[in-house]
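# Overview (structure and organization)
What follows is each chain in one-letter form.
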Amino acid sequence: MRRLLLVLLLVSGCGARGTSDTTVTVFAAASLRAAFTAEAEAFEREHPGTHVALSFAGSQSLAAQVQQGAPADVLATADLATIARVRGDLRGDPEVFAHNQLAIVTAPGNPEQVTSLSDLDRPGLRVVLAAPSVPVGKAAVAVLAAAGISVQPVSLEDSVSGVVGKVRLGEADAGIAYVTDLGHAVAGAPLAGTRTDLAIAALTEGGEPFVAFVRSPAGQQILRDHAFL
């Protein structure tokens, strides 16, 4: 009897070690943190036994990681130009899955009364932008140039979350981020006519179900719930 019990325990132990969940690794732009956290939770509920591992950073940083061979199943960037850099690593054409819009971000209550682009070149106003290599930084440079406004930023951040963080911590009076950043301990106002395109693609076969979920009605509703267009 004792020998039979030992055999059963050994068989049970081997079975446990042989069982493993599936992990889908998703590289996503920093602006997608809240939305993709919700997407991952919903995807996991629909796919028991599958875990979504999320990694957020500036789109340009994520593309560089993919080029260097970092293991990932899905790449989602804040613009089409960045994902195009890794076209050869994608399983298919990247797809636009959502839109965003630029916004001026300020401290809660907007103590410096910054309401438009023309306010950003005000003497003494501390403005933070993302670096031009970052999608939101590139878009900010374009909109400022079109408006004929020259800004000397106090810093150039490597992601939109860096811009929002500087404003939130009081290290800058204002910055240019996204509409989806408003309300996260920062105030501000949308900038009309500044729609941006977010792109997604699978890097492996295992990433295709997550991409399909993000583009499904359920996935799109989650994006709308987080202020994406």
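Just so it is clear, the structure is predicted and the values come from calculations on it, not from any experiment.

## Section: the pairing of strand β7 (residues 174-178)
Among the five residues in β7, five count as buried, and that is most of the element. In the sheet, strand β4 (residues 95-106) pairs with β7 via five bridges, with the strands oriented antiparallel. Paired with Leu 102 across the strands is Tyr 178, a residue of β7. Where strand β5 (residues 127-130) lies against β7, two bridges are found, and the strand directions are parallel.

## Overview of the nonpolar core
Counting 58 residues, the largest nonpolar core has Leu 32, Phe 36, Phe 97 and Leu 120 as the members making the most contacts within it. Core analysis: the next-biggest nonpolar cluster, separate from the first, contains 13 residues, Val 66, Ile 83, Val 86 and Ala 199 among them.

## Quick look at helix α7 (residues 208-215)
Each α-helix winds once per 3.6 residues, and so residues spaced three or four apart point in a common direction. Listed as buried for α7 are Phe 210, Val 211, Phe 213 and Val 214. Each buried residue of α7 sits inside an arc of 160° when the element is viewed along its axis, so together they form one side.

## Overview of the packing of α7 against helix α8 (residues 217-225)
Where α7 contacts α8, the axes come no closer than 4 Å and their chain directions differ by 60°. Mapping the contact onto sequence places Phe 213, Val 214 and Arg 215 in α7 and Pro 217, Ala 218, Gly 219, Gln 220, Ile 222 and Leu 223 in α8. Residues belonging to the contact of α7 with α8 are distributed by class as follows: six nonpolar, two polar and one charged.

## Brief notes about the sheet that holds β7
Sheet architecture is open: eight strands sit in the order β2-β1-β3-β8-β4-β7-β5-β6, paired in mixed fashion. The sheet is open, and its two borders are formed by β2 (50-57) and β6 (155-157), each paired with just one other strand. On average, adjacent strands in this sheet sit at an angle of 25° to one another, irrespective of strand direction. Relative to strand β8 (residues 187-202), β4 is paired through 10 bridges, and the arrangement is antiparallel. Of the residues in β8, the one forming a bridge with Glu 95 is Ile 200. Sitting on the sheet, helix α6 (residues 160-168) touches β4, β5, β6 and β7, and the angle it makes with β7 is about 145°.

## Some details on the packing of aromatic side chains
Per the counting criterion, the structure on display carries four aromatic pairs. A centroid spacing of 5.9 Å and a plane angle of 45° characterise the contact between Phe 36 and Phe 97, whose relative ring orientation is tilted. Placement of Phe 36 in helix α2 (residues 33-46) and of Phe 97 in strand β4 is noted, with a sequence separation of 61 residues between them. Across the pair, exposure class does not vary: Phe 36 and Phe 97 are buried alike.

## Regarding the pattern of salt bridges
Inspection of the entire model under this criterion finds seven salt bridges. Here Arg 195 makes a salt bridge to Asp 197, at a shortest N to O gap of 3.8 Å. Asp 197 sits in the partly exposed class, given a relative accessible area of 26%.

## Details of unusual backbone geometry
Although it is not a glycine, Asn 110 adopts a positive phi angle of roughly 50°. Inspection of the secondary structure puts Asn 110 in the loop between β4 and β5. For Asn 110, a relative accessible area of 14% corresponds to the buried category. Not every positive phi belongs to a glycine, and Gln 113 is a case in point at roughly 55°. Here Gln 113 shows up in the loop between β4 and β5.

## Comments concerning helix α3 (residues 59-67)
Looking only at α3, the buried set comprises Ser 59, Gln 60, Leu 62, Ala 63 and Val 66. Looking straight down α3, one finds its buried side chains confined to an arc of 160°; they lie on one side. Considering only its buried residues, α3 is in contact with β1 (22-29), β2, β3 (74-77), α4 (80-84) and α5 (135-146).

Conventions we followed
Residues numbered from 1 in each chain as written. Predicted model: local features only at pLDDT ≥ 70, side-chain atom pairs only at ≥ 80, totals over all residues. Heavy atoms only, no water. Buried < 20%, exposed > 50% of the residue type's maximum accessible area, 1.4 Å probe, protein only. Helix = DSSP H or I, 4+ residues; strand = E, 2+ residues; numbered from the N terminus. Pairing = 2+ DSSP bridges. Core = buried A, V, L, I, M, F, W, Y, C linked by side-chain atoms within 4.5 Å. Arc of directions from axis to C-beta. Axes fitted to C-alpha atoms, helices over the stretch in contact; angles between N-to-C directions. Contact = heavy atoms within 4.5 Å. Nonpolar A, V, L, I, M, F, W, Y, C, P; charged D, E, K, R; others polar. Phe/Tyr/Trp six-rings, centres within 6.5 Å; stacked < 30°, edge-to-face > 60°. Salt bridge = Lys/Arg side-chain N within 4 Å of Asp/Glu carboxyl O.

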